[in-house]
Amino acid sequence: MEGGAELLFYVNGRKVTEKNVDPETMLLPYLRKKLRLTGTKYGCGGGGCGACTVMISRYNPITKKIRHYPANACLTPICSLYGAAVTTVEGIGSTKTRIHPVQERIAKCHGTQCGFCTPGMVMSLYTLLRNHPEPTLTQLNDALGGNLCRCTGYRPIINACKTFCKTSGCCQSKENGVCCLDQGINGLPEFEEGNETSLKLFSEEEFLPLDPTQELIFPPELMTMAEKKTQKTRIFGSDRMTWISPVTLKELLEAKVKYPQAPVVMGNTSVGPDMKFKGIFHPVIISPDRIEELSVVNYTDNGLTLGAAVSLAEVKDILANVTRKLPEEKTQMYHALLKHLETLAGPQIRNMASLGGHIVSRHPDSDLNPLLAVGNCTLNLLSKEGRRQIPLNEQFLRKCPSADLKPEEILISVNIPYSRKWEFVSAFRQAQRQQNALAIVNSGMRVCFGKGDGIIRELSIAYGGVGPTTILANNSCQKLIGRPWNEEMLDAACRLILDEVSLPGSAPGGRVEFKRTLIVSFLFKFYLEVSQILKGMDPVHYPSLASKNESALEDLHSRHYWSTLKYQNADPKQLSQDPVGHPIMHLSGIKHATGEAVYCDDMPVVDRELFLTFVTSSRAHAKIVSIDVSAALSLPGVVDILTGEHLPSITTTFDFLTDADQLLSTDEVSCVGQLVCAVIADSEVQARRAAQQVKIVYQDLEPVILTIEEAIQNKSFFEPERKLEYGNVDEAFKVVDQILEGEIHMGGQEHFYMETQSMLVVPKGEDREIDVYVSAQFPKYIQDITASVLKVSANKVMCHVKRVGGAFGGKVTKTGVLAAITAFAANKHGRPVRCILERGEDILITGGRHPYLGKYKAGFMNDGRILALDMEHYNNAGAFLDESLFVIEMGLLKLENAYKFPNLRCRGWACRTNLPSNTALRGFGFPQAGLITEACITEVAAKCGLPPEKVRMINMYKEIDQTPYKQEINTKNLTQCWKECMATSSYTLRKAAVEKFNSENYWKKKGLAMVPLKYPIGLGSVAAGQAAALVHIYLDGSVLVTHGGIEMGQGVHTKMIQAQAAFNESISLSATGYFRGYESNINWETGEGHPFEYFVYGAACSEVEIDCLTGAHKNIRTDIVMDVGYSINPALDVGQIEGAFIQGMGLYTIEELNYSPQGVLYTRGPNQYKIPAICDIPMELHISFLPPSENSNTLYSSKGLGESGIFLGCSVFFAIHDAIRAARQERGLPGPLRLNSPLTPEKIRMACEDKFTKMIPRDEPGSYVPWSVPI
Ligand SMILES: Cc1cc2nc3c(=O)[nH]c(=O)nc-3n(C[C@H](O)[C@H](O)[C@H](O)COP(=O)(O)OP(=O)(O)OC[C@H]3O[C@@H](n4cnc5c(N)ncnc54)[C@H](O)[C@@H]3O)c2cc1C
Ligand code: FES
Ligand code: FES
C-alpha cells in the first residue's frame, strides 16, 4: 500500500493534483471554494435536488470505452475521483469564449427564472447529449428526473430540450395513429395563430447547431494512466479520516482484514448521507477503484451474475438489453427490476450508486431488495478465508449474524436467476411523488405454479417501507402453497399477510392505515396480473378477468409532454426598436446557463472572513436552564459564540415583522428551531463542529400547542381577531332552501427556494459603515434591523442584492433576523462574516406557508345560489406573529374569489402555537382562503345535485359589482376568462369523455374541474405600493437604471429595461421617477375600503386520472386563460403563471410537512419533502392570454402576475376530488365528500374506500402515539 498518495483528476480539461487531500471533502465545496468554479450550486447536499450536477467521465481500459455520467457533486468524495475527468457548467461554454448550444437554448427558450437550478439542468442535458446526440423524449424526461426547479414549472426547460430531439416539438406519441401535432390529443381543436396572436416564445432558427466534435475530449493522460494499471493502493489521510483505495482484489481483502469496520464505499449515496445527516463518522473508508472482479457481467445457464460495483444505471441498461433478447418467461425478474429502476432516485444517483452498495445498505425502503429477496438471488462473498455464497433472504435483510457478511468479507457479485415457465414476478411501489422519491410501500412478489394447473408451488412476497428493513411474509406464503390461484386464495392471503406484516399505529414514517391498505392492494394487483397471464397462456382453463378489474392493471395514462401558448403580439403601431410586448429573454438567462451569474455564496472569500452558524432549540416549549459553550469555544478555529445576552434588543420601523425583541433566546424557547446561539469560526466546517458541542439544558414547559385545534381549545390567538361583514347573514339564513356546515384543513408549504438563506457582511472599517451582501427580498428591512442591532443610523448600512435564487416570500423577515445577527458578529470582530444555511437548517428555522383551518356555514337555494356564507379562518401562525395577522387579513379580503355572496361574514384568527413562525409565501393567504371557499362551493353543488362548475358560474360576480369591502369592481374579464377556458378546454365534451371513462374503469377514475380566479393586487396600504427609480444616461449612450425591485427570477430588471428603452428619446440624461403607490386603504372597524387597485382574472381547467388502488394520480391536461392586461414581456408573464401554477399544484397535492408530536419537523430536505418534479407536470398544458381590453393606470396597463397563479393549482385538487367522488359513487358512497389539502396519495387511496380499506386493522385513536401530528 502506498501512503500519502497524490490525488489526480481533471476538471474541465485541466489537470488537478492534490497532495494533502482531506477525505471528508466532497467535490461540491472543492469546486466552489478551492477551484472557484461556482457555477455548480449547493441546493441540498444530499443528492435530492440536482443543483450540483456535474458530468464525470471515466475510461475503461478493458472495454476501451469512456463512460460519461451525471453525478451529484455534493455526494462525490474527491478521493473517489482519481483518474476521472469532471466537467462542470463552466467547462462546456461561457460568454467569454463560446456558449454551448445547451446553455443557449435553455436561456433563449426561457427555461431560467431565478437561474439557481439552471447549471444543474444544463449539465444533466449536456451529459445526455454526450451519450445520445439525438435523444428521444423518453430519454430527455429521464435525464431531467433528478433535477428540481422551483420557479419555471419545467415546461420551458422541456421545450428547450426538445429542440435537440430529432422530432422536436412533437409528442412522439402515436396513440390511435394520431400525432399531437396533427390534431389535439383529445381530438379537439387547438389554438390557431392569428394576426394578433403568437404561439412561440422563441425562434429556433437562431440556435447554434449541436456539434459533438466541439466537445472537450477525454484527457489522454488519464487514458494512459488507466491502461498502465501499475498503481498500488492509494491512501489519503487527514487527522480525522483515512481513505484507502485498493486497486486489486487482494489489496481490498487485506484492507478489509485490517479495518473490518470500515465501510466499502462505492457510490457513497448511502454512506455519504448517513455521515452528513445522521452524524455517523467513519475514521477509515475503503473505496475500491476499478477492480475488475467487482464489475463482472456474466450470463450463466441459471441466470445473470452482476458485479457488486456495477452502477444501478448500468444494471438498468443490462437488464433492458437482456429482456429484449431473452424469452419473456426467463426474464420475469428482470422486467420487475427494470420497472423499479426506472423510478428509483434520479439519473445522477442511479449512475453513482452500485448494486452491491444498494443491497448491503439494506434500507428499509429499498426498491430492489424486496424483489431480489423473493427471486432466490444469491450473494457471492469473498474474504481472505475464501469464497462463499449466501442467499439474499430475510435473515440477510434482517442482518442476522449467521446470514450476514462477516466484517472482513466483501460482496463480489450477485446471482439473479432466470425465471421459469409458470413462474411470475411483479414489482409494486407507491411514493409521494411518482419519480425520484423513496417508496412509502414497495413490494416484490413471485409465484411459481410448477406446471399449468394453477396450483401454487412456490410463493414469495416481500415488502419495503413497512418495518425497520425489508419484510418477507414467509409464513403466510407457506400456508398458501398448494392452493389454487383464485379469489378465495386472495382473500385468505390478504388476511394472513395483514396479520404477519403488522404495523403498529405509531410506526415510524406514519401513514399506517395507508401502508396497510397498500399491502393488500398490491397483492390484489399481483393476483390480477398473474390471473391475466394465466388466461393468456391457457384460455380454456382459466377464467377471464371480470371486466371491472381490467383497469386495475393498466398503468396511469402516460404520454410525452405537450404544450401550447397563445399571447398577444406587440402593438403593430409600436416603433420597431421598442421592446415592450416582446418575449425577450431574461437578462441574466445566458449567465444563469453558463454558471456566470453570481449569487451571494458565489462571492469570493474576503480577507479574514469568518463563518457563522446557529444552534437552535430542540424543544417546542421550554425554559433554558443553562447554555454551556465552553467545549465548543475550546475547539480550534472557534472565534466566538454569541447568545442573547450579547445582542441588544431591537426596534425597527417594521416592528411587527420581527419575531421577538431578542434575536437569540436566553430564557425560554417557544419552538424547535428557534435561534439560541450563533457560533463564529474561521471556517464553515469548524463552526458546524463547534455548534454540535454547545450544550443547552432545558426544562420543558406546558402547554405545548402544535395544532390549530389545540390553539382553539386553549384560546391561543394573536390579537386582534379580524372580521368582515357584508349584507345581513343571519336574516339570509332564514330564507334559504338549505344550510350546510363544514370545514377543511389545509397543510402548510415550504418555500423551497433553491438558494438557501445566504449573507456576507463586511465591515468597511471607517465610520462604522457596513456592507451587507444578502439574498433577500426586502433590503430596506435588512438595513433597518441591522442598523438597530449595530446602533448606527441606516445610512451606514449598505445592502447589496444582486440577485436571489428564489424567494417566494421566504426571504423577507427571516433573512432580516439572520442578517442582523451576522452583522453584529462582523461588527464585533471587525471581520467579514458569512452565513449560509444548510437546507435542513433553512427549512427548520424559517417557517413557511400557514396551515389553515376553514369552517364554513353556507345558506343556499336548491338552484345553487349561495345567499349566505359565514366563515371562520384560523391559521397556524407558529410561535411569533411575523406576518400572520396580515396573512389573515389578506385571506379575508380575498376569500370571496370570483363570487358575489350577497350576505357574507368572515372572521379570522392567527393561532399562536409552538412551531417555527410561519411567514409570507406566494399568494399570501389567498391560496388557503380561496380553497376553503371553493371547497364550500363544491359541497353546495353536491347537495344541490349540480355540477360544481354550474354552481361556480351561478355565483360569479356579474360585471359591475361590489366587493364585500364595498369596492367597485368590473369583472367583465373574469367572465371572459371563464368562457374562454370552457371553450379552449372543450369542457363539455371532455366532461362527457371523463364520465364515459369512469363508467368503464372501476379501479381508475378521471376527474375534471375548472376554477375561476380573481386575484386582487395591492397590500391595503399606499406606502407599501410606492416605488422609485433613478435613471442615468452616460455620454457613451449607455444607461443605468436603479430601481427598488429585487430580481428573484421574475425578470423585473428585464421588464424595467424593456420599459426604459421605450423612453430613450425624450428624457434628460438623469432623472428620478417616483410613484407614491396606488390608492389603497381598508378600515377594519367598518369593514370598508379600497384596499386593491386592480384585479387579475383567470380560469384554469385540469384533468387528472387516479389509481384507486394506490392513490397515485397523473395530471393529464391543464388549460389556463389569464387576463394579464398588456403584457410587457409575454415570456416572463407565461413563466410566472405556469411556474406559480406548478407550485400551487404541489401545494394542493404532494407537498406535505410532517411534525412529530413533540413539534420536531421531520421533512427537512428534498428527500422527505416533495416539490413537483418533471414527472408531475400536466402532460398537456395550454396557456392563453385574453386580448388586452382594460385601460388601467398601471405601468403600460400590465398586471402583476407573480402570485395569482398559485391558486390555479387547486384546479388539480378539485379534479382529483371529482375523480374520487366518481369512485365513491360507484362504490355506493354518494353524498358530500370532504377532503383536506394536500390531496396526497394517502388521502386519495383512503378516500376511495373499498373492500381493502375495510379489511385493514384500525387503531383506536388515543391508543397509540402517532408518528406525526397534522398541524
Ligand atoms: C437522493 C437519493 C435518492 C434515493 N432514492 C432511492 C429510491 O427511490 N429507491 C431506492 O431503493 N433507493 C434509493 N436511494 C438509495 C440508493 O439506492 C442507495 O443509497 C444506493 O443504492 C447505495 O449504493 P452506493 O454504491 O452508493 O453505496 P455506498 O454508500 O457506497 O455503500 C453503502 C453500504 O454498502 C456497503 N458496501 C458497498 N459495496 C460493498 C461490497 N462490495 N461489499 C461489502 N459491502 C459493500 C458499504 O460498506 C456501505 O455500508 C436513494 C439515495 C439517495 C441519496
Ligand atoms: S446539492 Fe447536490 S443534489 Fe442537491
Ligand atoms: S429557475 Fe429553476 S429554481 Fe429558479
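Residues numbered from 1 in each chain as written. Chains lettered and ligands numbered in written order. Predicted model: local features only at pLDDT ≥ 70, side-chain atom pairs only at ≥ 80, totals over all residues. Heavy atoms only, no water.

Observations regarding the site of ligand 1
Thought 1: Not every one of the 33 residues close to ligand 1 is listed here, only the nearest: Val264, Met266, Thr269, Ser354 and Asp367.
Thought 2: At a separation of 2.8 Å, an oxygen atom of ligand 1 approaches a polar backbone atom of valine 271.
Thought 3: One nitrogen or oxygen atom from the main chain of aspartate 367 is found 2.7 Å from an oxygen atom belonging to ligand 1.
Thought 4: Protein contact buries 92% of the 980 Å² of open area that ligand 1 shows by itself.
Thought 5: Among the elements that line the shell around ligand 1, the one with the most residues is helix α13 (residues 355-361), at 5 residues. (Near = heavy atom within 4 Å. Polar contact = N/O pair within 3.5 Å; in protein donor to acceptor, adjacent residues only side chain to side chain. Areas by Shrake-Rupley, 256 points an atom, 1.4 Å probe, with all protein chains shown as cover. Helix = DSSP H or I, 4+ residues; strand = E, 2+ residues; numbered from the N terminus.)

Describing the pairing of strand β3 (residues 53-60)
Thought 1: Within β3, 6 of the 8 residues are buried, which leaves it mostly tucked inside the rest of the structure.
Thought 2: Taken together, β3 and the strand that follows it, strand β4 (residues 65-72), pair antiparallel across an intervening segment of 4 residues, in which lysine 64 is found at a positive phi of about 60°.
Thought 3: Where β3 lies against strand β5 (residues 85-87), 3 bridges are found, and the strand directions are antiparallel. Opposite serine 57, over in β5, you have alanine 85 as the bridge partner. (Buried < 20%, exposed > 50% of the residue type's maximum accessible area, 1.4 Å probe, protein only. Pairing = 2+ DSSP bridges.)

As for the UniProt feature "binding site: [2Fe-2S] cluster 2" (unreviewed entry) in the protein
Thought 1: In the UniProt entry, the feature "binding site: [2Fe-2S] cluster 2" (unreviewed entry) is given for Cys114, Cys117, Cys149 and Cys151. Separation in sequence by 38 residues is not matched in space for these annotated residues, since their most distant C-alpha atoms are only 9.4 Å apart.
Thought 2: Within the secondary structure layout, cysteine 114 lies in the loop between α3 (101-108) and α4 (118-131).
Thought 3: On the basis of relative accessibility, which here comes to 4%, the residue cysteine 114 falls in the buried class.
Thought 4: With residues near it in sequence (within four places) discarded, cysteine 114 still touches Cys151, His592, Tyr599, Val804, Gly805, Gly806, Met1048 and Gly1049.
Thought 5: Here cysteine 151 is to be found in the loop between α5 (137-143) and α6 (155-162).
Thought 6: The residues contacting cysteine 151, other than those within four sequence positions of it, are Gln113, Cys114, Phe808, Gly1135 and Gly1139. (UniProt positions renumbered as here; feature names shortened; annotations may be inferred. Contact = heavy atoms within 4.5 Å.)

Here's the deal with α6
Thought 1: The buried count for α6 comes to 8 of 8 residues, which makes it a mostly enclosed element.
Thought 2: Buried residues belonging to α6 abut α3, α4, α5, β19 (562-568), α33 (1130-1149) and β45 (1180-1185).

Concerning the domain arrangement of the protein
It is common to report an interface's size as the accessible area lost on association of the parts.
Thought 1: Splitting the protein by domain gives domain 1 (7-222), domain 2 (292-540), domain 3 (600-703 + 750-846), domain 4 (956-1019 + 1090-1239) and domain 5 (1027-1075).
Thought 2: Computed over C-alpha atoms only, the centres of domain 4 and domain 5 are separated by 35 Å.
Thought 3: Taken together, the contact between domain 4 and domain 5 spans 6 residues of the former and 9 residues of the latter.
Thought 4: The contact between domain 4 and domain 5 buries some 650 Å² in all, and 59% of this surface belongs to carbon and sulfur atoms.
Thought 5: Summed over the three residues of domain 4 that lose the most area to domain 5, namely Ile1128, Leu1132 and Tyr1196, the buried surface amounts to 62% of that side.
Thought 6: Counting the contacts that link domain 4 with domain 5 gives 0 salt bridges.
Thought 7: Connecting domain 4 to domain 5 are 0 residue pairs in polar contact (both at pLDDT 80 or more).
Thought 8: For the side of domain 4 that touches domain 5, a count of residues per class yields 3 nonpolar, 2 polar and 1 charged. (Domains from an automatic or database assignment. Buried area = accessible area lost by both parts, 1.4 Å probe. Salt bridge = Lys/Arg side-chain N within 4 Å of Asp/Glu carboxyl O. Nonpolar A, V, L, I, M, F, W, Y, C, P; charged D, E, K, R; others polar.)

Notes on the environment of valine 1269
Thought 1: Among the structural elements, valine 1269 can be located in the segment after α37 (1251-1255).
Thought 2: A relative accessible area of 18% places valine 1269 in the buried class.
Thought 3: Residues valine 1269 and proline 1157 lie 112 residues apart in sequence; the distance between their C-alpha atoms is 5.7 Å.
Thought 4: Those residues within four positions of valine 1269 in sequence are excluded, and the remaining contacts are Leu706, Tyr1155, Ser1156 and Pro1157.

Brief notes about the pairing of strand β2 (residues 14-18)
Thought 1: Pairing analysis gives 5 bridges linking strand β1 (residues 7-11) to β2, with the strands arranged antiparallel. Paired with tyrosine 10 across the two strands is lysine 15, which belongs to β2.
Thought 2: Counting the residues in the hairpin turn of β1 and β2 gives 2 residues, including asparagine 12, whose phi is positive at 50°.

Some thoughts on unusual backbone geometry
Thought 1: Following glutamate 719, the chain continues into proline 720 via a peptide bond in cis, with omega recorded as -10°.
Thought 2: Structurally, the position occupied by proline 720 is in strand β26 (residues 717-726).
Thought 3: Along the chain, serine 1237 connects to proline 1238 via a cis peptide bond; the corresponding omega equals 5°.
Thought 4: Relative to the helices and strands, proline 1238 resides in the loop between α35 (1210-1226) and α36 (1241-1247).
Thought 5: Phi at arginine 290 is positive, roughly 50°, even though this residue is not glycine.
Thought 6: Structurally, arginine 290 is set in the loop between β9 (284-286) and β10 (297-299).

Considering the packing of helix α24 (residues 779-790) against helix α25 (residues 813-829)
Thought 1: Where α24 contacts α25, the axes come no closer than 8 Å and their chain directions differ by 40°. As judged from the angle between their axes, α24 and α25 are oblique. Crossing angle aside, the handedness with which α24 passes α25 is right-handed. Mapping the contact onto sequence places Tyr781, Ile782, Ile785, Thr786, Val789 and Leu790 in α24 and Thr813, Thr815, Gly816, Val817, Ala819, Ala820, Ala823, Phe824 and Asn827 in α25.
Thought 2: By residue class, the composition of the contact of α24 with α25 is 10 nonpolar, 5 polar and no charged. (Axes fitted to C-alpha atoms, helices over the stretch in contact; angles between N-to-C directions. Parallel < 35°, antiparallel > 145°, perpendicular 65-115°, else oblique. Left-handed = near helix turned anticlockwise from the far one by under 90°.)

A few points about the sheet that holds strand β7 (residues 234-237)
Thought 1: With mixed pairing, the 3 strands of this open sheet are ordered in space as β7-β8-β9. Two strands in the sheet have a free side with no partner beyond their single neighbour: β7 and β9. Within this sheet the neighbouring strands show an average axis-to-axis angle of 15°, counted without direction.
Thought 2: Bridge count for β7 against strand β8 (residues 242-245) is 4 bridges, and the pairing is antiparallel.

Re the nonpolar core
The tendency in soluble globular proteins is for nonpolar side chains to be buried as a group.
Thought 1: In this structure, Tyr463, Trp485, Met1122 and Ile1220 are the most contacted members of the largest nonpolar core, which totals 222 residues.
Thought 2: The leading source of residues in this core is helix α18 (residues 512-537), at 13 residues.
Thought 3: Apart from residues no more than four positions distant in its own chain, isoleucine 1220 is found in contact with Ile1106, Leu1233, Leu1235, Leu1239, Ile1244, Ala1247 and Cys1248.
Thought 4: Leu81, Ala226, Met333 and Ala427 belong to the second-largest nonpolar core, a separate cluster that totals 81 residues. (Core = buried A, V, L, I, M, F, W, Y, C linked by side-chain atoms within 4.5 Å.)

Focus: the sheet that holds strand β25 (residues 695-700)
Thought 1: The 3 strands are arranged β23-β21-β25 in an open sheet whose pairing can be described as antiparallel. Both outer strands of the open sheet, β23 (668-669) and β25, are each paired with one neighbouring strand and no more.

Remarks on the side chain of histidine 110
Thought 1: Summarising the element assignment, histidine 110 is placed in the loop between α3 and α4.
Thought 2: Judged by relative accessible area, which is 10%, histidine 110 ranks as buried.
Thought 3: Side-chain polar atoms of histidine 110 contact the backbone oxygen of leucine 201, separated by 2.8 Å.
Thought 4: Look past the residues within four positions of histidine 110 in its chain and what remains in contact with it is Pro156, Leu201, Pro583, Ile584, Met585 and Ala1131.

As for the pattern of salt bridges
Side-chain pairing between opposite charges can occur once the charged atoms of the two side chains come close.
Thought 1: Here the structure, examined in full by the defined rule, presents 70 salt bridges.
Thought 2: A salt bridge links aspartate 870 to arginine 905, with the shortest nitrogen-to-oxygen separation between them at 2.9 Å. Here aspartate 870, found in strand β33 (residues 866-878), pairs with arginine 905, found in strand β34 (residues 903-912); they are 35 residues apart in sequence, far enough to count as distant.
Thought 3: Judged by its relative accessible area of 12%, arginine 905 falls in the buried class.
Thought 4: For lysine 996, the salt bridge goes to glutamate 1000, with nearest N and O atoms at 3.2 Å. Of this pair, lysine 996 and glutamate 1000 both sit in helix α31 (residues 987-1000), 4 residues apart, roughly one helical turn.

Points about the UniProt feature "binding site: substrate" (unreviewed entry) in the protein
Thought 1: The UniProt entry lists Phe924 under the feature "binding site: substrate" (unreviewed entry), expressed in the numbering used here.
Thought 2: Residue placement: phenylalanine 924 occurs in the loop between β34 and α28 (926-944).
Thought 3: Here phenylalanine 924 falls in the buried class, since its relative accessible area comes to 11%.
Thought 4: Residues within four places of phenylalanine 924 in sequence aside, it is in contact with Arg849, Glu883, Phe886, Val887, Met890 and Glu1203.

Thoughts on the side chain of serine 383
Thought 1: Structurally, the position occupied by serine 383 is in strand β12 (residues 378-383).
Thought 2: Contact partners of serine 383, with chain neighbours within four places excluded, come to Leu253, Glu408 and Glu409.

Brief notes about the confidence of the model for the protein
Thought 1: Per-residue confidence for the protein gives a mean pLDDT of 93; residues scoring 70 or more make up 95%.
Thought 2: Overall, residues 168-189 carries pLDDT values under 50, and its contacts beyond four positions in sequence, including any with other chains, amount to 44 contacts. (pLDDT = per-residue confidence, 0-100.)

Here's the deal with helix α21 (residues 684-693)
Thought 1: For α21, the complete set of buried residues consists of Ala687, Arg688, Ala690 and Ala691. All buried residues of α21 lie within an arc of 165° about the axis, which places them on one face of the element.
Thought 2: In this structure, the buried residues of α21 make contact with β20 (610-616), α20 (630-633), β22 (638-642), β24 (675-681), β31 (833-836) and α26 (839-846). (Arc of directions from axis to C-beta.)

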